[in-house]
Amino acid sequence: MENNQFFNLRRFGMLCRMEWIGAWKMHLRRFVACYVVLLSLLLCYSMPRYSELAMHISPNYSIDFDGIMIQFLLVFFYASGIVYVSFFMEGMKTKTGRASFLTLPVSTFEKYLSHWLLVTVGFIVVFTVALGLADFTKVLVCRMMYGEVADQINLVSWKEWCDSPYFKVRVCALISGFCFLQSLFVLGSLLWSKNTLIKTCGALAGIVLIHIAVVYLIHEFSGGFSRGVYIDDDTLGTFLIVLGAVFAVFNWTLAYFRFKESEIINRW
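Here is what the cut-offs are and how they apply
Residues numbered from 1 in each chain as written. Predicted model: local features only at pLDDT ≥ 70, side-chain atom pairs only at ≥ 80, totals over all residues. Heavy atoms only, no water. Axes fitted to C-alpha atoms, helices over the stretch in contact; angles between N-to-C directions. Helix = DSSP H or I, 4+ residues; strand = E, 2+ residues; numbered from the N terminus. Parallel < 35°, antiparallel > 145°, perpendicular 65-115°, else oblique. Left-handed = near helix turned anticlockwise from the far one by under 90°. Nonpolar A, V, L, I, M, F, W, Y, C, P; charged D, E, K, R; others polar. Contact = heavy atoms within 4.5 Å. Patch = residues over 30% accessible without salt bridge, like charges linked within 9 Å, V, L, I, M, F, W, Y side chains within 5 Å. Areas by Shrake-Rupley, 256 points an atom, 1.4 Å probe, with all protein chains shown as cover. Salt bridge = Lys/Arg side-chain N within 4 Å of Asp/Glu carboxyl O. Buried < 20%, exposed > 50% of the residue type's maximum accessible area, 1.4 Å probe, protein only.

### Looking at the packing of helix H2 (residues 24-54) against helix H6 (residues 121-145)
- Look at H2 against H6: their axes get within 8 Å of each other, and the N-to-C directions meet at 40°. On the basis of their axis angle, the class for H2 and H6 is oblique. Judged by the twist between their axes, the crossing of H2 over H6 is right-handed.
- When grouped by side-chain class, the residues that make up the contact of H2 with H6 number 19 nonpolar, two polar and two charged.

Here is the structure:
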């Protein structure tokens, strides 16, 4: 590899093939784990509802049921994304693994981009497929168990969520929030290759508590806050979405430069 070569598409494709397809067993296990948890969540939440329908306790299928289920799924999406990204630098936990990874004949940017795509785009694809299969399995299982109301047992309806006038804002907020959280744990995985999830969560909890304490002290000594210039909810929402995206890019960039400084012997 030429030392001044930053990115080569052919070489990058070979790297992705080696890291993604070469570790297919590990990726399959994580996919199955995600599928099982999603299926368990869907069944545990759906079966009591369908049982009520079968016993004619509740005559109509309420759209609120899907709305609440979607909220649970979105929370799990964030939680599983955080767990998944904590494995960002899993191969560098040991000295041998670090030596093998850092001496690969590809550029640093290509190594970083390969892992970044895996924990962002790759995770979203895996989660979407696992959710679709889990939802379809839920329908099959529940229709076998509650055949008398089989016509009311369907896939989770996203129609109301998608038809909402706030759909675009919700999607942007979802993506911005996910990218921001994901970027924090990417950075954490490069600071602590071992016990990344625990250490990053602990660091974030400490930062949040410090901010709360500082704001509380300022509020107490200043006698309160005045809002000042009025900002409507739409403008505030847009500002937070943009702010989340900006901080996500900043954290990813900072993580890349930290990755460039990676050593065979981990000093953290």
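### Comments concerning the packing of helix H5 (residues 108-119) against helix H8 (residues 167-191)
- Interhelical geometry of H5 versus H8 gives an angle of 135° and a closest axis separation of 12 Å. As the angle between them shows, H5 and H8 are arranged oblique. Read as a crossing pair, H5 and H8 show a hand that is right-handed. When H5 is examined against H8, the residues Tyr-112, Trp-116 and Val-119 are found in contact with a partner set consisting of Phe-178, Gln-182, Val-186 and Leu-190.
- Grouping the amino acids of the contact of H5 with H8 by side-chain chemistry returns six nonpolar, one polar and no charged.

### A word on a nonpolar patch on the surface
- Together, Phe-239, Leu-240, Leu-243, Phe-247, Phe-250 and Leu-254 line one region of the surface with nonpolar side chains, adding up to about 570 Å² of accessible area.
- Assessed through its relative accessible area of 48%, Phe-250 is described here as partly exposed.

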